[in-house]
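Architecture at a glance
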Amino acid sequence: MGRFESIEERIDGNIYFSEQFKNIFKGMLIGLKKDTSRYDYCLNVSGICSMAGKDFLALDTADITRYFKEAAKSMTPSSLRSRLNGFKSVAKACDKATGGSLADRFAAVKLEEFDEIIDPKSMPSYEDIDKVMTYLKLTDNMTVFVAISMVLRMSLTTDEVCSLARWQFYRDAKGNYGLYFKSPVFGGAKRHMLVPDDIADMIGILTAKRKDITDDSYLLVNKRSGQLNKRTLQQTLKDACIASGVAPFTINQLRTLSIAHMFAGGAKAEDVARHNGSLDRWFFRLERVIKDIDKDPVRYNHISIRW
């Protein structure tokens, strides 16, 4: 309950929330069973209000569209749909209390409008990527090196790579290393993902000297041992590009390149679509083989990376 009390304080302290919305939102959150769900609802609602600079009740379709256009740069389509559905739930609770039509504004947003038109010429070359990776290695920035490597090899989003925690990693009965993703807070499917051996090796090196590791420990941490955030990751990548003398590229471009490489290697579209929804310290051994790993499209991404 302590976590909910801190969430309540967060709601009360939000400079954009009106008193009317605070009361409605608190009432909705009380009805949720899990503290983690309350926390994530609060985080996401705070985020869209902060970007718009207004109360949730005052959001219009333009505010909502701008939010999702920005979110699409670092989130998967399934995660975007899940988040939109979550906002719709909050909006419906608001409409029930106020008699308004806030839910209609969210319903008007079409996420397919945010599908990117990929220009192959806009993708970084492997030569440029290698220069940046070499720079990160020379400057001993293994944390960002591993982050970029996981995006390239596994097509992870910025959100996913920055939020990876120890409980998600395991090793199955065949010796495969894997990642487990729970359903997003606002819906979506659970999934398993293969961790290539070269990435597993680097994770072992990265975490070998870490102390006080718990199940909730983040894989990628900053200099203060806190979670590496998305902004820091993107900015560090940009700085590394400039220092390496190459045109800056983004995490999202690397992910797009990774997915294209899977297709080029022979991965089936359905598998790629499903995909996109000491080592023993980080990987838990399972007594059964995760079937999804055997057909994971990561197997078709033949890029190999070494620290």
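To start, this report covers the structure provided alongside it. Bear in mind the structure is a predicted one, so any value in this text is a computation, not a measurement. (Residues numbered from 1 in each chain as written. Predicted model: local features only at pLDDT ≥ 70, side-chain atom pairs only at ≥ 80, totals over all residues. Heavy atoms only, no water.)

Moving on to the environment of D197. Note on placement: D197 falls in helix α10 (residues 197-207). Between the C-alpha atoms of D197 and Y177, which are 20 residues apart in sequence, the distance is 7.4 Å. (Helix = DSSP H or I, 4+ residues; strand = E, 2+ residues; numbered from the N terminus.)

Our next topic: the pattern of salt bridges. Two side chains of opposite charge can pair, provided their charged atoms sit close to one another. Across all of its chains, the model carries eight salt bridges by this definition. For D12, the salt bridge goes to K26, with nearest N and O atoms at 2.5 Å. Taken together, the residues D12 in helix α1 (residues 2-13) and K26 in helix α2 (residues 19-30) connect sequence positions 14 residues apart. Residue D12 is classed as partly exposed on the basis of its relative accessible area, which comes to 39%. D60 is paired through a salt bridge with K54; the nearest N and O atoms lie 3.8 Å apart. Judged by its relative accessible area of 32%, D60 falls in the partly exposed class. (Salt bridge = Lys/Arg side-chain N within 4 Å of Asp/Glu carboxyl O. Buried < 20%, exposed > 50% of the residue type's maximum accessible area, 1.4 Å probe, protein only.)

Next up on the list: the packing of helix α7 (residues 126-138) against helix α11 (residues 230-244). Running from N to C, α7 and α11 point in directions that differ by 105°, and their axes come no closer than 9 Å. Classified by the interaxial angle, the pair formed by α7 and α11 is roughly perpendicular. Taking contact as the criterion, the partners of K131, V132, Y135 and L136 in α7 are, on α11, L237, A240, C241, A243 and S244. (Axes fitted to C-alpha atoms, helices over the stretch in contact; angles between N-to-C directions. Parallel < 35°, antiparallel > 145°, perpendicular 65-115°, else oblique. Contact = heavy atoms within 4.5 Å.)

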